[in-house]
Amino acid sequence: MLIDLHTHSYCSDGTDSPAELIRRAQAASLDVLALTDHDTSDGWHEAGQAATGTDLRLIPGMELSCRHGRAGVHLLAYLLDPGYPPLAAELDAIRDSRANRLPAMLAGLRDVGIDITVADVARVSTAASSMGRPHIADALVGLGVVRDRDEAFDRYLGWGRPGWVPRYGADLTEMIGHVRQAGGVSVIAHPWGRGSQRTLTADVFADLAVAGLTGIEVNHLDHDATQREQLRSIASDIGLVVTGGSDYHGTGKIDHPLACETTDPEQLERLLAAVP
């Protein structure tokens, strides 16, 4: 059984429509797919309609933008009610912050001689709930400034670069609680893939488990073999579920094809059994 619990559509920063994502998942012989767009459930309905009558099981989810201390952390959440008021308020704050920093980011790029406008970004953002750095990166590709998103982030949009502007992230511990109260389960996404190994230690994971965290995304292309072994050991010691996913973004993120990383069926059953 092939299970991919981390994918994106163009409702956030992917490039496929939710329906196209479902078709690609079927073509990849997936049995279970989670749609986890950033901070939005906008794609759930379309994806659900596309999956109806097929053998593919769709799990609705999100990838939530959080902070732990001064570090950004992404939290995968599944089977939650996006209308739960405290959660909905945080989602609004995250999306508003993303939208509000857009003019400042574009101004920073113009300061270094790049002629880019909000219209350029809107043209490539398709149905995204809010425009963010990946959409600016796609606009820079379209303008011929860079080759791809990776170059855009490396040269212009990463920390300390001309287009860098910080934004709001929900408190990680509080968000884990909101997800649980909203009827869902939560998993830390690619915890050690972006320099967060010093932040997300074994002790921190233990504290987050007490707060209601369900699992750790161990199987991710950002993790090497040693990191995976260590994360599995941490998960085993404190009883957390081990998941995996491709982090598929269509053409928006290269070398992350569907099903390149997967979740063990027994771990999926553990995850689903933890739903309040």
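Here, every reference points to the structure presented above.
Residues numbered from 1 in each chain as written. Predicted model: local features only at pLDDT ≥ 70, side-chain atom pairs only at ≥ 80, totals over all residues. Heavy atoms only, no water.

**Brief notes about the pattern of salt bridges**
Under the criterion given, the structure shown has eleven salt bridges. Among the ionic pairs, Glu 261 bridges to Arg 228, the shortest N-O distance being 2.7 Å. One end of the pair, Glu 261, is in the loop between strand S8 (241-244) and helix H10 (265-273); the other, Arg 228, is in helix H9 (residues 225-238), with 33 residues separating them in the sequence. Each member of the pair, Glu 261 as well as Arg 228, carries the same accessibility label: buried. (Salt bridge = Lys/Arg side-chain N within 4 Å of Asp/Glu carboxyl O. Helix = DSSP H or I, 4+ residues; strand = E, 2+ residues; numbered from the N terminus. Buried < 20%, exposed > 50% of the residue type's maximum accessible area, 1.4 Å probe, protein only.)

**Observations regarding the pairing of strand S6 (residues 185-188)**
Across the two faces of S6 the burial is the same, with Val 185 and Val 187 and Ser 186 and Ile 188 all buried. Relative to S6, strand S4 (residues 71-78) runs antiparallel, the two sharing four bridges. Residue pairing across strands places Leu 76 opposite Val 187, the latter belonging to S6. Bridge count for S6 against strand S7 (residues 215-219) is two bridges, and the pairing is parallel. Each residue of the ladder has a partner; that of Ile 188, found in S7, is Ile 216. (Pairing = 2+ DSSP bridges.)

Bear in mind that shape data such as this cannot, by itself, settle questions of function.
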